[in-house]
Amino acid sequence: MLDELALETQIPTYNLVGELLNLELKGVVKPLPGKKYELT
């Protein structure tokens, strides 16, 4: 989940959301239900 990832990486959630969006646009990750992400 997004909150767990933020805790693990020590990256604030508001920064992490932007980074995940960039990775999604590059095709590196895809969002899943429940604020989860998967590597593609």
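Residues numbered from 1 in each chain as written. Predicted model: local features only at pLDDT ≥ 70, side-chain atom pairs only at ≥ 80, totals over all residues. Heavy atoms only, no water.

*Asks:* Just to check I follow, could you spell out the UniProt feature "domain: DprA winged helix" (unreviewed entry) in the protein for this structure?
*Replies:* UniProt's feature table lists "domain: DprA winged helix" (unreviewed entry) at residues 2-35, given in the numbering used throughout. Annotated as residues 2-35, this span is 62% helix and 12% strand, and its ends, taken at the C-alpha atoms, are 6 Å apart. (UniProt positions renumbered as here; feature names shortened; annotations may be inferred. Helix = DSSP H or I, 4+ residues; strand = E, 2+ residues; numbered from the N terminus.)

*Asks:* Explain the pairing of strand β1 (residues 29-32) to me, please; I cannot follow it from the model alone.
*Replies:* A regular strand carries its side chains on alternate faces of the sheet. Pairing geometry for β1 and strand β2 (residues 36-39), over 4 bridges, is antiparallel. Residue V29 lies in a different strand from β2, and its bridge partner there is L39. Between β1 and the antiparallel strand that follows it, β2, lie 3 residues; G34 among them carries a positive phi value of about 85°. (Pairing = 2+ DSSP bridges.)

*Asks:* Explain unusual backbone geometry here, please?
*Replies:* Backbone phi values are negative for most residues with the exception of glycine, while trans is the configuration of most peptide bonds. Of note in this structure, Q10 is not a glycine but carries a positive phi near 60°. Along the chain, Q10 turns up in the loop between α1 (2-9) and α2 (13-25). Here the phi dihedral of K35 falls at roughly 60°; this positive angle occurs in a residue that is not glycine. Take K35: it is sitting in the loop between β1 and β2. Owing to a relative accessible area of 54%, K35 belongs among the exposed residues under this scheme. (Buried < 20%, exposed > 50% of the residue type's maximum accessible area, 1.4 Å probe, protein only.)

*Asks:* Would you mind showing me how to read the pattern of salt bridges here?
*Replies:* Within this structure, the stated rule accounts for 1 salt bridge. Salt-bridge contacts for E38 lead to K30; the nearest nitrogen and oxygen are separated by 3.5 Å. (Salt bridge = Lys/Arg side-chain N within 4 Å of Asp/Glu carboxyl O.)

*Asks:* Can you walk me through a nonpolar patch on the surface in this structure?
*Replies:* Together, L23, V28 and L39 line one region of the surface with nonpolar side chains, adding up to about 260 Å² of accessible area. Using a relative accessible area of 32% as the deciding quantity, one classes L23 as partly exposed. (Patch = residues over 30% accessible without salt bridge, like charges linked within 9 Å, V, L, I, M, F, W, Y side chains within 5 Å. Areas by Shrake-Rupley, 256 points an atom, 1.4 Å probe, with all protein chains shown as cover.)

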